[in-house]
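A look at the structure
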Amino acid sequence: MEERKSKIIQSMEEKGLSVSKAAEAIAFDPMILGLYLVKDAYPVPKRILDKLEGALAN
């Protein structure tokens, strides 16, 4: 799994942020975001990772 993706998933779990709430925060489809955030080696587009990191920083 990509290191950046795993850090974001871990940070979301620590903050108790659900996929649906994260999707709402970045104005993204929650079903697609849920598929991207499965713990696997499938890459997530950089722009989505950037938005998630920004949402987690707030």
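Conventions we followed
- Residues numbered from 1 in each chain as written.
- Predicted model: local features only at pLDDT ≥ 70, side-chain atom pairs only at ≥ 80, totals over all residues.
- Heavy atoms only, no water.
- Core = buried A, V, L, I, M, F, W, Y, C linked by side-chain atoms within 4.5 Å.
- Buried < 20%, exposed > 50% of the residue type's maximum accessible area, 1.4 Å probe, protein only.
- Helix = DSSP H or I, 4+ residues; strand = E, 2+ residues; numbered from the N terminus.
- Contact = heavy atoms within 4.5 Å.
- Axes fitted to C-alpha atoms, helices over the stretch in contact; angles between N-to-C directions.
- Parallel < 35°, antiparallel > 145°, perpendicular 65-115°, else oblique.
- Nonpolar A, V, L, I, M, F, W, Y, C, P; charged D, E, K, R; others polar.
- Expected span 1.5 Å × (residues − 1).
- Arc of directions from axis to C-beta.

**Section: the nonpolar core**
Ranked by size, the top nonpolar core spans 14 residues in total, and within it Ile8, Met12, Leu33, Leu37, Ile48 and Leu52 carry the most contacts. Considering each element in turn, this core owes the most residues, 4 residues, to helix α4 (residues 46-57). Contact partners of Leu52, with chain neighbours within four places excluded, come to Ile8, Ala22, Ile26, Leu33 and Leu37.

**Concerning the packing of helix α2 (residues 19-26) against α4**
Where α2 contacts α4, the two axes come as close as 9 Å, and the packing angle between them is 100°. By the criterion of interaxial angle, the relationship of α2 to α4 is roughly perpendicular. Taken together, the residues of α4 that come into contact with α2 (itself represented by Ala22, Ala25 and Ile26) are Ile48, Lys51, Leu52 and Ala55. Of the residues contributing to the contact of α2 with α4, the split by class is 6 nonpolar, no polar and 1 charged.

**Details of the environment of Ala41**
Along the chain, the position of Ala41 falls in the loop between α3 (30-36) and α4. Along the chain, Ala41 and Gly54 lie 13 residues apart, while their C-alpha atoms are 22 Å from each other.

**Section: helix α1 (residues 3-15)**
Between its terminal C-alpha atoms α1 stretches 18 Å, which fits the 18 Å expected from 13 residues at 1.5 Å a residue. When α1 is considered as a whole, its buried residues turn out to be Lys5, Ile8, Ile9 and Met12. One side of α1 carries all its buried residues, which in axial view fall inside an arc of 100°. Looking at α1, the residues exposed on the side facing more than 90 degrees away from the buried face are Glu3, Lys7 and Glu14. Taken together, the buried residues of α1 touch α2, α3 and α4. Immediately beyond the C-terminal end of α1, within one or two residues, lies Gly16, with a positive phi of roughly 70°.

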